[in-house]
Structures are given as C-alpha cells and as structure tokens.
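One-letter residues, chain by chain:
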Amino acid sequence: MSVVHADRIGELMEGLGKAATLAAATLARAPTARKNAALAAAAAAVRARSDAILAANERDLAAARAAHMSAARLERLRLDPRRVEAIAASLSDVAALPDPIGTRVAEWQRPNGLRIQRVVVPLGVIGIVYESRPNVTTDAGALCLKSGNAAILRGGSESQYSNAALHACLAAGLEAAQLPPACVQLVPTTDRAAVGYMLAGMTEYLDVIVPRGGKSLVARVQQEARVPVIGHLEGNCHVYIDRDADVRMARAIALNAKMRRTGICGAAETLLVDRACVATHLGPVLRELLEAGCEVRGDATVQQADPRVHPANEDDWYTEYLDAIIAARVVDGVDAAIAHIARYGSAHTESIVTENQATAERFLQHVDSAIVLHNASTQFADGGEFGMGAEIGISTGRFHARGPVGVEQLTSYKYLVRGTGQIRP
C-alpha cells in the first residue's frame, strides 16, 4: 500500500475501473466450475499462508495501538488462527453455494406466441468501501466472484497489511482458475482521495457501491455516491423480553446478544422488558449482563432493580454503542415494545423472547426491520449463519436487497424473449 500523488488518483482509479469492466464481461460468462475452482484455491492459499496473514495483521494492530484505537475497533481488526480458519472455511462455503447466474426465475408464453423468460444476471462491477474488519476482503471478493461480478475493494488504512495479505490469496485463486486478476482488485493506496473518486468519479465503471463500516463512513457513501448504494447506517438492535419468556432463556439470549461480540452490527444495543415480568425477569437478566462487565443505562424502574445501573437519557435509546454498554427500558407489553422499536430503531435486527406463539407472531409481523427473530440472539444477523456462506453486509433499505447481502442479492435479471416473426399491431 502507498500514498499516490493527488494528480494521479484519477489515473489510478480509471485504470482499475477499465480493468474491472473487462473482467466483469469475462466473469459473467465464466462456468460455475471455474469460479468454484478459484474459491477453492483461494481457501487453500489462506490456510497455507496463515502465518503470513497473522504477521500482517499484527503489523496493523501495532499501528492501531500506537494510534490509541479503541478496544472495540481493535477487536474488529484482530485476527487469530481461529478467525483465519473461519475465513478459509467461508471461501469454501461460498464455493459450495448454488450458482444463481443463468437461473430461470420465471417463464411464460403470451397469446401471440412470444415466449418470455426472466433470467438471473450479475450486477456488473461492485465497489466495496470498508473499515477495520480484514475478513470483508475475502467475504466481498468471494461473493462477487461467485455471483459473476467484478469487485473493486477499498479497505481502511488501519487494516491495509491484513487486507493485502488476504487479497493476495484471492489473486492466487484467480490465477489458479485462469480467471482475470482484475476480477477482484484491491485499491493499492491509502489516500482518502481514492474513496472520493470511487464515489463520485467512476459512474462509467461502477454499477453499485456497498459500504461496510462505521456510521460516518456509511453516511459519506450514501451522501456522495453517484451510483446505487446497498448498505445500512446503524445497527441499533433490540431484545424484548416478554411476560411469557422463559427466564433462563431470556438471560442467555440477552447476554449473548450483547456480549458475544459487542463491535458487530448485530449486537443488541437496547433491552426492553415487559412490565408484567419485572419482578421475575428483570433482576436476573441485569445481573447476567452486569457481572459479564456490561454497563447498563436504564430508566427509573431498571435503576430500582439494581443499584449498579446508570440513568439513561433520551439519546441512549437511539445509540449504537458497539461496546459493552446497553440501554434498558421497561415497557407495557409487546405493543409498547413494537412502538419503541419503530421510534428509535434503525430497522436492522430485533428479537423477542417469549413462549407465547401469538405474541411472537404479533412481534414478527409488526416489527418492520430487516431481520426479526423469535427466541434467538440478534448475533445471528449474519449471512454465514443464514447459510449464505458469507455476506458483504446487512442492508436495511427496501430497494433491491434487504437483510444479509449474499450471492443472490448481488444479482439482477434480464428478460429473454423468443418469437417466430411477431410484429406489434
């Protein structure tokens, strides 16, 4: 990675765009076996180069510590042998997925004899702008490759060495499968001007941009991008504990949803508890969180339940902490929980804990978020956990894709119309 002189940023990005456009045309017609071979070879390269990947990651971590990066961001940046193996496994999982390209979604014949098919096709060239998490390099590259799209990846400077090491594995896979190296390109500069050019100066080459990172990054992409954007701004996720919840299940789900990994977008940020079960459920759930090192900011009733709870203010209900902090509020039943989520939530992921099926269905049907769960942790908001192999991110929009963005969500379709000489009267 390097810093490129400002006068050359446009030249650099134009070169990437032209190469990606040519590669996308080849990749759109590539047989499934060749794409799978590239992913399998990339997975093998990740495993073979594990030590080098970890060394590159340690170089990033050392720089991040010297820059006093927060503990939450360091956690997102960190790799270890288990996470490297998970990266390799994810590449293999994507290879095992069905190839959507060329699938006939629908087929019919008109009274005039025209035969019409709707067929799945790639989007084209996808730009991915991301921060911190090195695994996005391989997840995004693999998903784009399997769905027949060329990818231009622009990772954050804080993970530049990790990203380069992982991208080299993807490049090795492409070479082994005799696919163009420009199918997956990593922007070779840390200069922030490259991001600006990618957002506003590459409409000729990019078909869609996917941001993955903090609120400020996503907001910038959504504001400045001149091509369609798939992404979410925040993950203000909720766990609602209903009066008919099993208390042991409620404790386990609330703890996992908040504390398994606090820095991911599917981490719970607000706990809602039905007033009807305050006496039996609130105290045990709070103790589980507090004893795990989670700071709780609660309303008056929550504060009365445990003296260690800090008072919450209005801003807390809107906040995505991405840290060991959770806001907690007592509400008057499921309808009040739904209303709270509608007012303060970010339409990402919400969960209800209850043994009452009617209440669960009311929550599932009335909460308008990308992912709504019953008796399960919000940390399952992940494409891998949905059986998608990996994800580029979670989309909270309603246009084109919603929820985990995997292989199928990175496609469009076209109509094939076959006639026998028909003309329109």
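Structure: see above.
Residues numbered from 1 in each chain as written. Predicted model: local features only at pLDDT ≥ 70, side-chain atom pairs only at ≥ 80, totals over all residues. Heavy atoms only, no water.

*Asks:* Any chance you could explain the overall build of the protein chain here in plain terms?
*Replies:* Scanning the protein chain for helices and strands turns up 14 helices and 16 strands. Taking 2.2 N^0.38 as the reference for a compact globule, 425 residues should give roughly 22 Å; the C-alpha atoms of the protein chain span a radius of gyration of 23 Å, in line with that estimate. Once the C-alpha set of the protein chain is aligned to its principal axes, its extents read approximately 70 × 65 × 40 Å. Within the protein chain, the fraction of its 425 residues that count as buried is 53%. (Helix = DSSP H or I, 4+ residues; strand = E, 2+ residues; numbered from the N terminus. Rg over C-alpha atoms; globule rule 2.2 N^0.38 Å. Buried < 20%, exposed > 50% of the residue type's maximum accessible area, 1.4 Å probe, protein only.)

*Asks:* Where do I start with the sheet that holds strand β6 (residues 208-212) in this structure?
*Replies:* Strand-to-strand pairing in sheets goes through backbone hydrogen bonds, with the strands running parallel or antiparallel. Read from one edge to the other, the open sheet built from four strands follows the order β5-β4-β3-β6, with strand pairing classed as parallel. Both edges of this open sheet fall to β5 (184-186) and β6, since each of them pairs with a single strand only. Pairwise comparison of adjacent strand axes, ignoring direction, gives a mean angle of 20° for this sheet. Its contacts with the sheet put helix α6 (residues 135-146) on β3 (125-130), β4 (150-154), β5 and β6, and the angle it makes with β3 is roughly 165°. Sheet contacts for helix α9 (residues 215-224): β3 and β6; angle to β6, the most-contacted strand, approximately 165°. (Pairing = 2+ DSSP bridges. Axes fitted to C-alpha atoms, helices over the stretch in contact; angles between N-to-C directions. Contact = heavy atoms within 4.5 Å.)

*Asks:* Sorry, what's going on with the nonpolar core here?
*Replies:* Looking at soluble globular proteins, one finds that nonpolar side chains tend to be buried together. By size, the foremost hydrophobic cluster in this structure holds 50 residues, and its most contacted members are Val46, Ile128 and Leu179. Setting aside chain neighbours within four positions, we find Leu179 in contact with Leu27, Ala30, Arg34, Lys35, Ala38, Leu145 and Leu174. Of all hydrophobic cores here, the second largest spans 24 residues; its members include Val239, Ala268, Leu271 and Val330. (Core = buried A, V, L, I, M, F, W, Y, C linked by side-chain atoms within 4.5 Å.)

*Asks:* Hey, could you run me through the layout of surface pockets in this one?
*Replies:* Gaps left between atoms are located by rolling a probe of water-molecule size over the structure's atoms. Roughly 1,100 Å³ of internal volume is contained in the largest pocket. As for the largest pocket, its lining consists of 44 residues, of which Arg133, Asn135, Arg212, Arg261 and Asp382 are closest to the centre. Put simply, the parts of the chain that give the lining of the largest pocket at least two residues each are α4 (71-77), α5 (81-96) and α6. Of the residues forming the lining of the largest pocket, the biggest block, seven residues, is contributed by α5. Residue classes in the lining of the largest pocket are distributed as twelve nonpolar, 14 polar and 18 charged. A volume near 330 Å³ is recorded for the second largest pocket. Along the walls of the second largest pocket sit 15 residues, with Glu131, Arg154, Gly156, Glu158 and Arg192 positioned nearest its centre. Of all the elements in the fold, those that place two or more residues in the lining of the second largest pocket are β3 and α9. If one sorts the elements of the lining of the second largest pocket by residue count, α9 sits on top with three residues. Residue classes in the lining of the second largest pocket are distributed as four nonpolar, five polar and six charged. (1 Å grid on protein atoms, 1.4 Å probe; cavity = no way out; pocket = protein on both sides within 12 Å on 5 of 7 lines; lining within 4 Å. Points joined across faces, edges and corners; volume = space filled by probe spheres on them. Nonpolar A, V, L, I, M, F, W, Y, C, P; charged D, E, K, R; others polar.)

*Asks:* What is the right way to look at the pairing of strand β8 (residues 268-274) in this model?
*Replies:* By the criterion of burial, β8 is predominantly enclosed, with seven of the seven residues buried. Relative to β8, strand β7 (residues 237-241) runs parallel, the two sharing five bridges. Opposite Ile241, over in β8, you have Val273 as the bridge partner. With helix α10 (residues 247-259) bridging β7 and the parallel β8, this β-α-β connection has right-handed handedness. (Right-handed = clockwise from strand over helix to strand, strands pointing away.)

*Asks:* Just checking my understanding: could you explain the packing of aromatic side chains for this structure?
*Replies:* Geometrically, a pair of aromatic rings is defined through the distance of the ring centres and the angle of the planes. Tallied over the entire structure, the rule returns four aromatic pairs. An angle of 15° between the planes, with centres 6.2 Å apart, marks the rings of Tyr240 and Phe363 as stacked. In this pair, Tyr240 is assigned in strand β7 and Phe363 in helix α14 (residues 357-366), connecting sequence segments 123 residues apart. On the numbers, 5.7 Å between centres and 85° between planes, the contact of Tyr413 with Tyr415 is edge-to-face. Of note, Arg59 hangs over the ring of Tyr161, and the distance from its end group to the ring centre comes to 3.7 Å. When the ring centre of Tyr413 is taken as reference, the NZ or CZ atom of Arg118 above it lies at 5.4 Å. (Phe/Tyr/Trp six-rings, centres within 6.5 Å; stacked < 30°, edge-to-face > 60°. Lys NZ or Arg CZ within 6 Å of the ring centre and 35° of its normal.)

*Asks:* Explanation requested: the side chain of Gln379 in the structure shown.
*Replies:* One can find Gln379 in the loop between β13 (371-374) and β14 (394-395). A polar contact is formed between the side chain of Gln379 and the backbone oxygen of Ala257, at a distance of 3.1 Å. Those residues within four positions of Gln379 in sequence are excluded, and the remaining contacts are Asn256, Ala257, Lys258, Arg260, Arg261, Ile264, Gly266 and Ala267. (Polar contact = N/O pair within 3.5 Å; in protein donor to acceptor, adjacent residues only side chain to side chain.)

*Asks:* What is the right way to read unusual backbone geometry from this model?
*Replies:* It is generally the case that most residues other than glycine have a negative phi and that most peptide bonds are trans. In this model, Ser132 sits at a positive phi of 60°, which is unusual for a non-glycine residue. Relative to the helices and strands, Ser132 is located in the loop between β3 and α6. Despite not being glycine, Asn375 has its phi angle at roughly 55°, a positive value.

*Asks:* I tried to follow α6 on my own but got confused; where do I start?
*Replies:* It helps to recall that an α-helix has 3.6 residues per turn; residues three or four apart then point in one direction. For α6, which comprises twelve residues, the first-to-last C-alpha distance of 17 Å matches the rise-based estimate of 16 Å (1.5 Å per residue) to within 8%. In terms of burial, α6 is a largely internal element, eleven of the twelve residues being buried. The complete set of buried residues in α6 reads Val136, Thr137, Thr138, Asp139, Ala140, Gly141, Ala142, Leu143, Cys144, Leu145 and Lys146. Phi turns positive, to about 80°, at Gly148, one or two residues after α6. (Expected span 1.5 Å × (residues − 1).)

*Asks:* Any chance you could explain the sheet that holds strand β11 (residues 325-331) here in plain terms?
*Replies:* Taken in spatial order, the seven strands line up as β10-β9-β11-β8-β7-β12-β13 in an open sheet, and their pairing is parallel. Across the chains shown, the open sheet's two edge strands, defined by having one partner strand only, are β10 (310-311) and β13. Alignment of strand β12 (residues 349-353) against β13, held across four bridges, turns out to be parallel. Residue Glu350 lies in a different strand from β13, and its bridge partner there is Val372. Together, β7, β12 and β13 form the strand contacts of α14, whose direction differs from that of β13 by roughly 175°.

*Asks:* Would you explain the environment of Asp382 in this entry?
*Replies:* Looking at the element boundaries, Asp382 is found in the loop between β13 and β14. Residue classification places Asp382 among the partly exposed positions, given a relative accessible area of 28%. The spacing of Asp382 and Gly266 is 116 residues in sequence and 7.7 Å in space, taken between C-alpha atoms. Filtering out sequence-adjacent residues up to four positions away, Asp382 remains in contact with Glu391, Ile394 and Pro404.

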